[in-house]
Amino acid sequence: RGRGFKLEGPDDVAVVVPHTLHFGDVEHLDYTATVHDALAVQTAGSPMHRPDRFGEAGGAGTGDFGGTTGGSHSTHAHIEPVPRKHISSALVWLAIMLTGLGTGLVSVVLVNISVGFGNTRLQQANELLELNRPLAAGAVWVTFSLVFCTIAAFITVYYAPQAASTGIPETKAFLNGCDVKGAFSLQTFVVKAFGVCLVIAAGAPVGLEGPMVHIGAMVASHVVLSMEHFGVLRGGDVKHLLTHLVTCGVASGISAAFNSPIGGVLFVVEDLAARWLVDAHLVLQCFVSSFFSQLVVAGAHITSLMVQTARSGDRGEFQAANLVKSGGGGVSGESRVTGGWFVADLPLCILLGAGMGALLSFSTAAATAIARVKRSVMAGGETRRGKKKSSSRAGEIVAAVFPVAFVSVLAFVLPLLFSCRVRQDHVKGKPEVSHLLASGQHQVDHRMFVRFTCQQGEYNDLASLLLPSLSGSFASTMSHLYSRDSDEETYGDASLATLATCYYFFPLFIIGCSFPFGLFVPNLVFGSAAGHLFGRLVNRSAWVGSSRVAHPTTYAVLGAGAALGGWTRMAIAISAIMLEQTGNMDSVILMMVTVLSSRLVAGFLTPHSFTDEVISMKGYQVLEPREPAVIATLSAGAVCTRDVVCLRADETVAGICRALIHTTHNAFPVVRDENENENENDTGSVSRRDKEKAGKGLEHNFGTEPVWCVETGGHAPSPTLLGLVSRSTLLGILERAVNARRPSERDAEHLRVPASALGDSVSLTPAAGVAPADELGAIPAHAPASRAYREFALLGARRVLVVESGGGNRLAGIITRGDMVEASEDFEGRAARAAAARRGRRRGRDAFGGDHLLARAGPRQSWGAAPDSRASRNLPSVVTDER
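Residues numbered from 1 in each chain as written. Predicted model: local features only at pLDDT ≥ 70, side-chain atom pairs only at ≥ 80, totals over all residues. Heavy atoms only, no water.

Some remarks on empty space enclosed by the protein
Okay, step 1: Summed over all chains, the structure comprises six cavities of 30 Å³ or more.
Okay, step 2: Of the voids in this model, the largest cavity is the one considered here, and its volume is about 220 Å³.
Okay, step 3: Residues of the lining of the largest cavity, tallied by class, amount to nine nonpolar, six polar and two charged. (1 Å grid on protein atoms, 1.4 Å probe; cavity = no way out; pocket = protein on both sides within 12 Å on 5 of 7 lines; lining within 4 Å. Points joined across faces, edges and corners; volume = space filled by probe spheres on them. Nonpolar A, V, L, I, M, F, W, Y, C, P; charged D, E, K, R; others polar.)

Examining the state of the cysteines
Okay, step 1: What the rule picks out here adds up to one disulfide.
Okay, step 2: Between the sulfur atoms of C420 and its disulfide partner C454 the distance amounts to 2.0 Å. Negative torsions about the S-S bond denote left-handed disulfides, and the value of about -95 degrees found for C420 with C454 makes this one left-handed. One end of the pair, C420, is in strand β2 (residues 420-422); the other, C454, is in the loop between α12 (431-439) and β3 (458-460), and 34 residues separate them in sequence. (Disulfide = S-S within 2.5 Å. Helix = DSSP H or I, 4+ residues; strand = E, 2+ residues; numbered from the N terminus.)

Overview of the confidence of the model for the protein
Okay, step 1: Confidence in the prediction of the protein, expressed as mean pLDDT, is 75, and 69% of residues score 70 or more.
Okay, step 2: Note that pLDDT drops below 50 for residues 1-8; the model gives that stretch 19 contacts with residues more than four away or on any other chain.
Okay, step 3: Throughout residues 680-704 the model reports pLDDT below 50, and contacts reaching past four residues in sequence, or to other chains, amount to 56 contacts. (pLDDT = per-residue confidence, 0-100. Contact = heavy atoms within 4.5 Å.)

Describing the side chain of S786
Okay, step 1: Positionally, S786 belongs in helix α25 (residues 785-795).
Okay, step 2: Residues in contact with S786, not counting those within four places in the same chain, are E627 and I631.

Regarding the sheet that holds strand β13 (residues 779-780)
Okay, step 1: Strands sit in the order β13-β14-β15 across an open sheet of three strands; the sheet is mixed. On the outer flanks of this sheet lie β13 and β15 (811-815), each paired with one strand and no other.
Okay, step 2: Strand direction decides the pairing type here: β13 and strand β14 (residues 800-803), joined by two bridges, are parallel. Across the sheet, the residue bridging to I779 is V802, located in β14. (Pairing = 2+ DSSP bridges.)

Remarks on the pattern of salt bridges
Okay, step 1: Applying the stated criterion across every chain yields a total of eight salt bridges.
Okay, step 2: Ionic pairing is found between E130 and R451, a salt bridge with its closest N-O pair at 3.7 Å. Placement of E130 in helix α2 (residues 89-130) and of R451 in the loop between α12 and β3 is noted, with a sequence separation of 321 residues between them.
Okay, step 3: For R451, a relative accessible area of 24% corresponds to the partly exposed category.
Okay, step 4: D493 is paired through a salt bridge with R540; the nearest N and O atoms lie 2.6 Å apart. Highlighted residues: D493 in helix α15 (residues 493-510) and R540 in helix α16 (residues 520-540), separated in sequence by 47 residues.
Okay, step 5: Residue D493 is classed as partly exposed on the basis of its relative accessible area of 25%. (Salt bridge = Lys/Arg side-chain N within 4 Å of Asp/Glu carboxyl O. Buried < 20%, exposed > 50% of the residue type's maximum accessible area, 1.4 Å probe, protein only.)

Below, the structure written as structure tokens:
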């Protein structure tokens, strides 16, 4: 770039435009709010039923823009109109159903793979332990961890770095309208799915629940791409359907992971509703998608039960049991109540929730600090020449494998410190067992009792709790903690305390590692173990007196909910997930009190969740639903960027190539500049020089010619806004224009633009896919910036166009998410400096050592009126509510 090259003939290739320059329709949500959407936001309506901007009212038959420039001497490339049509409701519901079925199927496959790999690792170690070879068993245990984790880290670092971590921050950023390149590609999906299975089987304290949110979103995106590829959605408004289906995919992922369809819908409403407007229609779509996802998971579970009953020879009666178990009854066969509670439990639940919230807030702060340190270390320092030095890929793999190996070693050594216990089903003198033996009944216990180094008929209590959960069978650990016969004879207090400590600190080692992982499971296990221990202490406490309290199993369920609530900062969805997962509706009041207490305490100590901290660290400009107070004092013209890369309505192929290659913008305004013909020496006349040089076959310095950047806000009249063209649409227009002259290049890997085509003119009109100006929802410069903020936060818009006040479509600038963030940070920084100066003045000295105090902007005053505002903009300084 920047060097000239000699063209021998007019058919020589002058520019090679990679097809990847459009970044893929799934890589980001390329959405500009329309007029109807903007009005819906202002009136607090719902934008879910967005009108088709390319429908019959403003479709392909509108023709060219009036009064376009370009002259009659240019050669126009013939471009077929791009018809747009509405996507039928039947296709939308079909896509929703496929999203739910696909997400459920993927969940079932991944669970079986991870459990299979993990059980193989645990079985190999157990066989060596039975032969009294503990060193060999430990070596096999750690070796499997190293192999599985190395493979997961290798494929993640080399093939899909976006597959690392949970993927929830990327999904949230995508739905908020941020640019998330590579997060929804097929390669990322394969690495995410296979990598998380290997990491779980390697013994890392992680789970599948978090990544299923990202996997469900990727399944939804590929359903849309597949339907578009086979022509089912050809010509439709795919981007809006993609947004809906990604939201449904998130609900399906939660439903499949937690067996909680209602919880999946509430997760979307509580967590994603803060990102953009969610109406009743979208909630229904999420519910249908979650239903089909749960249908697949339940079908797989029922099939597994049928196979087990057929193999055991029992009667073909089976039922889906809840995780909270009653223990099978007493001597007389009566079953005990699983979720009974008393009035004395309410203050105890508040205490449990507050304690869990405090612990999880400390864990969030520690995880954030560790993630920042690892991110800075992986980014590297600077060399002697001042260049940035990044860490090697091998270093990232080693940094990811070492923590998992360390956790595996500790998990294998810690059970050696605990004694063996006799299995209760082997004690013939126990009343329940004697009753079962006398009646000839056979009791099947699905929990895993790990012998470890114990004799036949004995088990190690810590190994039974810790090792299955680190081998993919965390449901066995949860069944131990949720079962009512797990009394002090089954597990000691020391085992529960050790399990809770391990799952509180072990996940901190995994933070920042370059492989897929989820953090829901470690918080579930930690909360269950801590809650069960809390319930035991409460039941044994003397200060409780004659008051009756709930069983420790109930407190185990409450502790799990409190841990999830404190980590995710959600209360409604977590309560529903725990109640659906356990089937214990008796303790719904206690669950709500505990989760809410944990949520409030954690939010007070650390305002942002770990997911929000990761979003901030990765630079995703996710805006909160409520605009900062300072935004209401700024005008749109004061916030917008006035240096805008534009295209003409009659643009040359060379100009389009420059815009695609030399910039990374996702869309370009199409304008008409009346002053362009008066001054042919400015940057607006490059297209004419391009045509002359391409026609004579001279040396053409393509890389040195700049793009057309329009500076608004000055004394010269601003160009007239005609429309907006996205990058993907512009690349399609260029492909059709070039392929019309070179049909042999239609199936080429890259678009090769010949020198003779650089001077051709291409009409950027609604017929070619350009959105007209009257449908863009542009706001005047004097309008409050909060109007643009609502379009960003609630609609997921990528940009908001600003026109000059006084009527007409004179382009004043463009507002991006970066502009909103910069405006808030700059104004808050100036306010902080002014406050510090006032405090210093009250102490009798100037905080800045001189008279450099900044005059505080008055109410409803523009940011551009402040003394240190950027570029001293020539824009309105008073905010009004007129459109």
